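Understanding the architecture of this molecule
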Amino acid sequence: MSLFLPKLSCKKDIDEVIKNVAEKVLVLRFGRDDDSVCMQLDEILSKTSHDLSNMASIYLVDVDKAPIYTRYFDISYIPSTVFFFNGQHMKVDYGSPDHTKFVGSFKTKQDFIDLIEVIYRGAMRGKLIVQSPIDPRNIPKYDLLYHGI
């Protein structure tokens, strides 16, 4: 499914997208194309990308091709999803210690849509951190995820 989403293959491409995506939530999915959990998340992202096209731009980033950002965002579990708005890193309180990224796959398309809507509305009001609308039972626990990075 990740064939339908644009891929960023180097730091320069990522920097350019962060700088140029305006008035939309920028979604960067860090992972690997051949990982089963990443493929599951990519399916959700690709199925919702058209519905969210007015609010979000979604890109895939291979952790092996962007080691600077992988280290910067402390991507130790994949997939990890990071959000930006107008070049500003958006943080989300998921009820976990790490507000900088969503780790794992979303359980449903609606969870992802709800999260994008909350980030978009919060960002439009000038907030840099928003409360996650996702049911805590649908937020993956870190110890259940792939550890191979």
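Scroll up for the structure.
Anyway, here's the lowdown on the structure attached to this text. (Residues numbered from 1 in each chain as written. Predicted model: local features only at pLDDT ≥ 70, side-chain atom pairs only at ≥ 80, totals over all residues. Heavy atoms only, no water.)

Examining the state of the cysteines
Tallied over the entire structure, the rule returns 0 disulfides. The closest cysteine sulfur to the non-disulfide-bonded Cys10 is located on Cys38, 19 Å from its own sulfur. On the basis of relative accessible area, Cys10 is assigned to the partly exposed category, the value being 29%. (Disulfide = S-S within 2.5 Å. Buried < 20%, exposed > 50% of the residue type's maximum accessible area, 1.4 Å probe, protein only.)

Focus on helix α1 (residues 11–20)
Here α1 has its buried residues at Ile14, Val17 and Ile18. Taken around the axis of α1, the buried residues stretch over an arc of 100°, which confines them to a single face. The exposed set on the far side of α1, more than 90 degrees from its buried face, consists of Lys12 and Lys19. Turning to α1, the residues buried within the fold contact β1 (7–8), β2 (25–31), β3 (56–62), α3 (67–72) and β4 (80–85). (Helix = DSSP H or I, 4+ residues; strand = E, 2+ residues; numbered from the N terminus. Arc of directions from axis to C-beta. Contact = heavy atoms within 4.5 Å.)

A closer look at the side chain of Lys101
Its location among the elements puts Lys101 in the loop between β5 (88–93) and β6 (102–103). From its side chain, Lys101 meets the backbone oxygen of Asp74 in a polar contact 3.4 Å long. Of the polar contacts made by the side chain of Lys101, one reaches the side chain of Asp98; its length is 2.5 Å. (Polar contact = N/O pair within 3.5 Å; in protein donor to acceptor, adjacent residues only side chain to side chain.)

Digging into unusual backbone geometry
Peptide bonds are mostly trans, and most non-glycine residues show a negative phi. In the segment running from Ile78 into Pro79, the intervening peptide bond is cis, with an omega of -5°. Topologically, Pro79 is positioned in the loop between α3 and β4. In the Ramachandran plot, Asn86 falls in the positive-phi region, its phi being about 50° despite a non-glycine side chain. With respect to the helices, strands and loops of the structure, Asn86 is situated in the loop between β4 and β5.

Observations regarding the pattern of salt bridges
Side chains carrying opposite charge are able to pair once their charged atoms draw close together. Overall, the coordinates contain 8 salt bridges when judged by the stated rule. Its salt-bridge partner being Arg29, residue Asp33 comes within 3.6 Å of it at the nearest N-O pair. Asp64 serves as the salt-bridge partner of Arg32, at 2.9 Å between the closest nitrogen and oxygen. Taken together, the residues Arg32 in the loop between β2 and α2 (36–49) and Asp64 in the loop between β3 and α3 connect sequence positions 32 residues apart. (Salt bridge = Lys/Arg side-chain N within 4 Å of Asp/Glu carboxyl O.)

Considering α2
In a regular helix each residue adds 1.5 Å, so 14 residues correspond to 20 Å; α2 covers 20 Å between its end C-alpha atoms and thus fits that length. Along α2, the residues that are buried comprise Cys38, Leu41, Asp42, Ile44, Leu45, Ser46 and Thr48. Residues of α2 that are buried in the fold lie against β2, β3, β4 and α4 (109–124). Where α2 begins, the side chain of Asp35 points an oxygen toward the backbone nitrogen of Val37, at a separation of 3.2 Å. (Expected span 1.5 Å × (residues − 1).)

Looking at the side chain of Arg29
Inspection of the secondary structure puts Arg29 in strand β2. On the basis of relative accessibility, which here comes to 0%, the residue Arg29 falls in the buried class. Only 2.8 Å separates the side chain of Arg29 from the side chain of Asp42, close enough to count as a polar contact. Dropping the residues within four chain positions of it, Arg29 is found in contact with Cys38, Leu41, Asp42, Leu45, Tyr59, Leu60, Val61, Pro79, Ser80 and Thr81.

Details of the pairing of β3
Among the 7 residues that make up β3, 6 are buried, leaving the element largely enclosed by the rest of the structure. Following the chain from β2 across α2 to the adjacent parallel β3, one finds a crossover that is right-handed. (Right-handed = clockwise from strand over helix to strand, strands pointing away.)

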